[in-house]
Amino acid sequence: MRFVPREWKWSYFSAIFACGAIAITLPLLLNFMQPALLEPVELWTVDLRFQHRPPLPVSDDPTQNQSGTVVAFDYDDRAATAYGLGRWPWDRRIHAQVLDLLSKSGARAVLVDLLFDHAAANPAEDKALVEATQQAGMVFYPIALRPAAEGERGKLLPFPAPRHLLQAEVKGFGEIPAVADITLPLPDLVKSARGLGHTQRTTDRDGVLREVPLLYAFKGGFLPSLALAAALRQLDVDPASVRIDRGRTIRFKPRKGEEVVIPIDKQGRTWINYAGHWGERFQHYPYSWILDQLKSSPGQASFPDRFKGKIVVVSNLTTGSGSRVAIPFEGDFPSGEIQLHLLNMLLRQQFLREATEFESALCLGAPVLLLTVATLTGGPWLVLVGFVTILGSYLLALQQVFNKAGVILPALNPILALSFAPILLLVTRYRFVDRERERFQSVLGGFLPPQTIKAIQENPQTIPRLLAGRTRELTIFFADIKGFSSFCKRSDPLQIQRLLRDYLTAMTIILRGYGGTLDKYMGDGIMAFFGDAEPEGGGEEAEERRVARNAANAVRAGLAMQKKMTELNLRWLSQGQEPHLIRIGINSGFVTVGNLGTEFLWDYTVIGPEVNKAQRLESAAEAGALLLARRTYALARNQGVLPDDLPPCTFALKGIGEETDLYAVPAELVAQLAVSLPYQEEVEKVESQIS
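Residues numbered from 1 in each chain as written. Predicted model: local features only at pLDDT ≥ 70, side-chain atom pairs only at ≥ 80, totals over all residues. Heavy atoms only, no water.

1. Some remarks on the overall build of the protein chain
- Along the backbone of the protein chain there are 21 helices and 27 strands.
- Considering the protein chain as a whole, with its 691 residues, one finds that 51% of them fall into the buried category.
- When contacts within the protein chain are restricted to residue pairs at least 6 apart in sequence, those whose partners lie at least 24 apart make up 75%.
- Accessible surface, the protein chain: about 32900 Å² in total, of which carbon and sulfur atoms supply 54%. (Helix = DSSP H or I, 4+ residues; strand = E, 2+ residues; numbered from the N terminus. Buried < 20%, exposed > 50% of the residue type's maximum accessible area, 1.4 Å probe, protein only. Contact = heavy atoms within 4.5 Å. Areas by Shrake-Rupley, 256 points an atom, 1.4 Å probe, with all protein chains shown as cover.)

Below you can see the structure in the form of structure tokens.
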């Protein structure tokens, strides 16, 4: 930012940072005004992270891609048709047989994801199911509930079986959802069950199930979810260790092991950390397969180890009976499978959590701040490249933090802020920097050659170098019209103006064509210098080549200007005007060059004795001729511009004295020497701009 003018630098910085702040504020304001508009998109970005995540470990053995702790037992259609079980609901004695089978096979716990809330037509069925539950001693049953609406949360509902409630210390701010109505299993099942838990599942607005409440508040305690009730038993949790920090965490301490911390949101929900697609991460045993094994091998000899030490989730997958729901990566997901994923998440402590307020603020502000810094340090292309780079890096960070740390960083607000930022920053940058750059180029364009202007356009950092005062060897050029003062006395102002316009325009085009820097017009006089348009550096040899090249171009420009005067005189004579001749003096030497004016009036010029000498050479030159200093002649001669046999001459220069080793190029020799413009494209461009 060295090219930013001092008087408005802080104003520019303030405006740029204000743009960053506005870019951050806009998505927050949009989210506040229209939360329903952005929330589904944000949830969709979470779904994408699920879809692009590597498989979640479900076993302590990294070579196993299925859980060794949690398995599924599925009631299927084939069992109904092949074994004559008929349409659902089946005889409850079948469920009793299943519980007996799993108990004898060594299952640690059985979660029955079926609600037996009314008595069977045959009392023997219920009796068999209750007895099997009692004998197994490790069966968990669900209850159905209706969450309390906002107007029903004032008074907590009592729970008929308080032994199944959790007692917990509660603090913090947030909500543990309350219950308006419940549906319990049969009373005898409630008494004989190892635990009860809710299976309440509420999808988001787009119909996808992503979060569930692990606890519901009742009078006297909290009812856990079915999976949490089983996990607390399996982890052997001390009931007195349960702590609820509303809006933040649920904590409990197993009797053996570290404290378990489950993140929850302000509605008391936790994210379901789905391990994978249905059937991929957990072993499923269809009931028909079990019956096949029993039929072929009476006595259960072939599969007891399949359930030994396992937690078994029993669910109904028969057609038309089991409920299904959409999850982040699958649109038709059996709801009974959700208990498997919740259990795996709780037992393996693979929790997901939302970003903290600090993390969210960092995600929102850091990308925009980086882009703001890019705006302050580079051009518009750096802003665009920075935008693409920062956006890509942030998207990668979203996925990696989700994969490695289980943190759901915000996506939409930071991306929106990062998208608003380049628009605001580029507009502001153009208003300050690019507009100022155009002003610089416009001002400098009045006296800099086309190649210098092109260098400024490609790299504005050259402006300070051009404006800084420095010493450099240049070739100085002076020209004026002989007898112009007398002409002005006898001519009208309009005629003088037209002649000067024709003359100065033509001469300026030639000077620029040869790479000269126009210094100023002094009435009919022209001052220019050659060599400053080229960059410095490269060593002494490169500098000498630069000086020689530009001295030769200055002489070429002088020859071309004298020949151009012949064309102009022919035009003026045809118009009834008198002809004119010009004198040209050229000198090469070390001068001070740069902006030698003030903030009120720039004056990009050269000063020094060599400049004065060039002006005296012009005054001493013959009309229609060039008068060169010795070094200028030597450099131009070596470049093949002038002949080798040009004789030296001596002139008395005003204020300097007698000067020897000067070289005059008379009008006769000027007419004989051939010159051509080396920068024809630039000349044509200048001519088109002037015309």
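2. What to know about the pattern of salt bridges
- Tallied over the entire structure, the rule returns 30 salt bridges.
- In this structure, E39 engages R205 in a salt bridge whose closest nitrogen and oxygen atoms are separated by 3.9 Å. Placement of the pair is E39 in helix 2 (residues 35-51) and R205 in the loop between strand 6 (195-198) and strand 7 (211-213), with a sequence separation of 166 residues. (Salt bridge = Lys/Arg side-chain N within 4 Å of Asp/Glu carboxyl O.)

3. Re the packing of aromatic side chains
- Considering all chains together, one arrives at 21 aromatic pairs under this definition.
- Taking 5.7 Å as the distance between ring centres and 45° as the angle between the ring planes, the aromatic pair formed by F73 and Y287 counts as tilted. Placement of the pair is F73 in strand 1 (residues 70-75) and Y287 in helix 8 (residues 287-296), with a sequence separation of 214 residues.
- We classify Y287 as buried; its relative accessible area is 4%. (Phe/Tyr/Trp six-rings, centres within 6.5 Å; stacked < 30°, edge-to-face > 60°.)

4. Details of the nonpolar core
- Ranked by size, the top nonpolar core spans 55 residues in total, and within it F252, I262 and Y274 carry the most contacts.
- Considering every element that reaches this core, the biggest residue donor is helix 7 (residues 226-234), with 7 residues.
- Contact partners of F252, with chain neighbours within four places excluded, come to L228, L232, L235, V237, S241, V242, E259, V260 and I262. (Core = buried A, V, L, I, M, F, W, Y, C linked by side-chain atoms within 4.5 Å.)

5. Regarding the side chain of E337
- Structurally, E337 is set in helix 9 (residues 336-348).
- Buried charge E337 goes without a salt bridge, the closest partner of opposite sign being R281 at 8.9 Å.
- Those residues in contact with E337 that lie beyond four places of it in its chain are H277, W278, G279, F282 and H284. (Lys, Arg positive; Asp, Glu negative; His and termini not counted.)

6. Considering helix 7
- Among the 9 residues of helix 7, 8 are classified as buried, and the element is accordingly described as predominantly covered.
- Among all positions in helix 7, only L226, A227, L228, A229, A230, A231, L232 and Q234 are buried.
- Taken from the residues just after helix 7, D236 is the one with a positive phi, measuring 55°.

7. Things to note about the packing of helix 4 (residues 92-104) against helix 8
- Where helix 4 contacts helix 8, the axes come no closer than 13 Å and their chain directions differ by 70°. When the axis of helix 4 is compared with that of helix 8, the two are roughly perpendicular. Where helix 4 crosses over helix 8, the two elements pack in a sense that is left-handed. Packed against helix 4, whose contacting residues are I94, Q97, V98 and L101, the element helix 8 presents Y287, I290 and L294 at the interface.
- A class-by-class count of the residues in the contact of helix 4 with helix 8 yields 6 nonpolar, 1 polar and no charged. (Axes fitted to C-alpha atoms, helices over the stretch in contact; angles between N-to-C directions. Parallel < 35°, antiparallel > 145°, perpendicular 65-115°, else oblique. Left-handed = near helix turned anticlockwise from the far one by under 90°. Nonpolar A, V, L, I, M, F, W, Y, C, P; charged D, E, K, R; others polar.)

8. Details of the environment of A275
- Here A275 lies in the loop between strand 13 (269-271) and strand 14 (284-286).
- A relative accessible area of 7% means that A275 is categorised as buried.
- C-alpha separation for the pair A275 and P55, spaced 220 residues apart in sequence, amounts to 6.8 Å.
- Apart from residues no more than four positions distant in its own chain, A275 is found in contact with L56, V58, R281, F282, H341 and N344.

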